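# Reading the structure
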Amino acid sequence: MPFPFSRKRLCRAQFMERKAQEPPSPPTMENGTRSCEERPPAAPVATVTEGAARISFPSANEVFYNPVQEFNRDLTCAVITEFARIHLGAKGIQIKVPGEKDLQKIAVDLSDQEEETAGQNENLAPGDQPRTAAVGEICQEGLRVLEGLAASGLRSIRFALEVPGLQSVVANDASARAVELMHRNVELNGVAHLVQPNQADARMLMYQHQKASERFDVIDLDPYGSPAPFLDAAVQAVSDGGLLCVTCTDMAVLAGNSGETCYSKYGAMALKSRACHEMALRIVLHSLDLHANCYQRYIVPLLSISADFYVRVFVRVFTGQAKVKSSASKQALVFQCVGCGAFYLQRLGKASGDPGGRVKFSAACGPPVSPECEHCGQRHQLGGPMWAEPIHDLDFVGQVLEAVTTNPGRFHTSTRIQGVLSVVTEELPDVPLYYTLDQLSSTVHCNTPRLLQLRSALLHAGFRVSLSHACKNAVKTDASPEALWDIMRCWEKECPVKRERLSESSPAFRILAVEPRLKANFNIREDANPSSRQRGLKRFQANPEANWGPRPRARPGGKAASEGLAERRRLLQNKRKEPAEDPAQRAARLKTFPCKRFKEGTCQLGDQCCYSHSPAAPVASGDIPITDCPETTTKLSPEPEAAHGSIPGPGVD
């Protein structure tokens, strides 16, 4: 036994001798990572200027930063500024916004919670000057702001440099590397007196501020993905009448691709529909109100935006047991036809007044639909619950829009903010969800009418109609589905559909089989063209660059995104689709269809024609007859539709 032991010691001695000749390597910790004293060479540092802030962050993907969200940050600064005008105006304090020529009048919110404090302004002596709050200064009675997931700290620093009337800003993040970066950026911008970097779990931090005297006036949550884990703590940590700003980037879940996941996160089933973006907003509002109701609190939406790849909501949170009782009547289920897409709303609760002036709450009666759709005979899907009340406070939105319009140089995305908010002010506030032009026309297989023609027809019929900021071709109207299909039946008479091509069980056949009871007038009306469209505002964002959307999640250790990410995306695109058809199989399939040119005596290809020249060739039922013929079978295009230019191939509608 001693021999193996001696040999082992000899090998170890030789290994240590070779190791001593090598250059020293940084020490490592028990888990295999290098110690904090000696780190690997730091990644290149990039400097970004956005708004009034200038931040530096590693070029490697160590701390998350997304330049696409500049519109989100600009809009948030504008909303918090106007909220500060309301909140401090009730205390007799005016705010000085950079770029505004004169101090505007004190904006007073007339809610029940602030009527008493609003009267304090009347007690000022005639010679007294109102107190003011400027940007970059500490206001002792100002807003206490929390950014729960601050990452690089850019948003918090912009608050300190662009929003007046702040008492403090807590920039929190669970990552030690992010907090270290925030400290550096705070010193770089000279806002250490306002911004306080903090390392903690955002939920635990908000739970520690449940006491009324320690709550935050503004809480901003912009997570990577779903904010669902933070909502319960957020509705408890915001002050009475405070502002809660929430971003959701998990649009695949909210848009109906995974209804069961949406239910587990937000307590509602999302449906796949053309109005999925507005439904996503209403599901988030429902979830916020549901969490707040657990603590005798309720929400009042100020602004709800669907933009790019995310949704963003701004709500105020109040406390009041009486108002909480009416929350059930603000939620609704959605019955949506799987065939024609017609939808109906079913409220969860009903609020009615009695002769004594009291409000009585009871369960609503329903459902509003029969087992089968009365228009196309298909079944209904059930979605929700979702928020069925207005999703915007139009007075507040108008205040933000006016401030941005009169001071356009304040934000880099001012033109887009003006366009989006202008469309928001034109939306019908009491009409949830919408239809789209392509949805209505594709259902009946007819040509798509112009937007102004359909809007004019609805206005001529006595209905209200508007656009939606969530979709470019949206038609938001209080017209019933019966009236909409009557208008589309009248349009089909002007642009007839070949009825012989329609299956008798299709929604188009059943809808067009009924004569319209409403006589539609498609003459263009002047009021059919909304003001934002006439002025040519930038209402809907076009992607300015490739891969415009979410960025990869930040990785511990700063692992940069792979250079072959674009190639990997290209290879994985459409991976779930069926493989391309074999050319031999395609040639055999096309031989089962007769050649129309051969029947007319004009086909000169003979046996080289890819279609059959046999007079008894079988034709599949429901297929479209072939109207053209390619030159040779060797010139087969990759897709069946391309074989005859613009003429669709067999089996294609």
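Residues numbered from 1 in each chain as written. Predicted model: local features only at pLDDT ≥ 70, side-chain atom pairs only at ≥ 80, totals over all residues. Heavy atoms only, no water.

Going by the annotation in an unreviewed UniProt entry, the name recorded for the chain is tRNA (guanine(26)-N(2))-dimethyltransferase, with Rattus norvegicus given as the source organism. The UniProt entry for the chain carries this comment under Sequence similarities (unreviewed entry): "Belongs to the class I-like SAM-binding methyltransferase superfamily. Trm1 family." UniProt's Catalytic activity (unreviewed entry) comment on the chain is quoted here verbatim: "guanosine(26) in tRNA + 2 S-adenosyl-L-methionine = N(2)-dimethylguanosine(26) in tRNA + 2 S-adenosyl-L-homocysteine + 2 H(+)". (UniProt positions renumbered as here; feature names shortened; annotations may be inferred.)

### A closer look at the nonpolar core
Grouped together as the largest cluster of nonpolar side chains are 90 residues, with contacts concentrated most on Met206, Ile219, Leu244, Leu254, Ile283 and Leu288. When residues in this core are grouped by element, the largest group, eight residues, is from helix 10 (residues 276–293). Once residues lying within four places of it in the same chain are set aside, the contact partners of Ile283 are Leu254, Cys262, Tyr266, Ala268, Met269, Ala270, Pro385 and Met386. With 52 residues, the next largest nonpolar core counts Met182, Leu243, Ala307 and Leu401 among its residues. (Core = buried A, V, L, I, M, F, W, Y, C linked by side-chain atoms within 4.5 Å. Buried < 20%, exposed > 50% of the residue type's maximum accessible area, 1.4 Å probe, protein only. Helix = DSSP H or I, 4+ residues; strand = E, 2+ residues; numbered from the N terminus. Contact = heavy atoms within 4.5 Å.)

### Section: the packing of aromatic side chains
Aromatic ring pairs: the centre-centre distance and the angle between the two ring planes describe each pair. Following the criterion strictly, the structure yields four aromatic pairs and no others. Ring plane angle 25° and centroid distance 4.7 Å describe the contact between Phe343 and Tyr435, whose orientation is recorded as stacked. With Phe343 in strand 13 (residues 343–347) and Tyr435 in strand 17 (residues 435–436), this pair connects stretches of sequence that are 92 residues apart. Accessibility classification places Phe343 together with Tyr435 in one group, the buried group. Pairing Trp491 with Phe522 gives two aromatic rings, centres 5.3 Å apart and planes at 65°, and the pair type is edge-to-face. Remark: Phe522 occurs in the loop between helix 17 (507–512) and helix 18 (531–534) and Trp491 occurs in helix 16 (residues 481–494); sequence separation between them is 31 residues. (Phe/Tyr/Trp six-rings, centres within 6.5 Å; stacked < 30°, edge-to-face > 60°.)

### As for unusual backbone geometry
Between Gly366 and the following residue, Pro367, the backbone shows a cis peptide bond with an omega angle of 0°. Mapped onto the elements, Pro367 comes out in the loop between strand 15 (359–363) and strand 16 (380–387). Following Gly384, the chain continues into Pro385 via a peptide bond in cis, with omega recorded as 0°. Looking at the secondary structure, you find Pro385 in strand 16. In the Ramachandran plot, Ala151 falls in the positive-phi region, its phi being about 55° despite a non-glycine side chain. Position of Ala151 among the secondary structure elements: in the loop between strand 5 (138–147) and helix 4 (154–162). Phi is positive for His445, which is not a glycine, with a value near 60°. Structurally, the position occupied by His445 is in the loop between helix 14 (437–443) and helix 15 (451–460).

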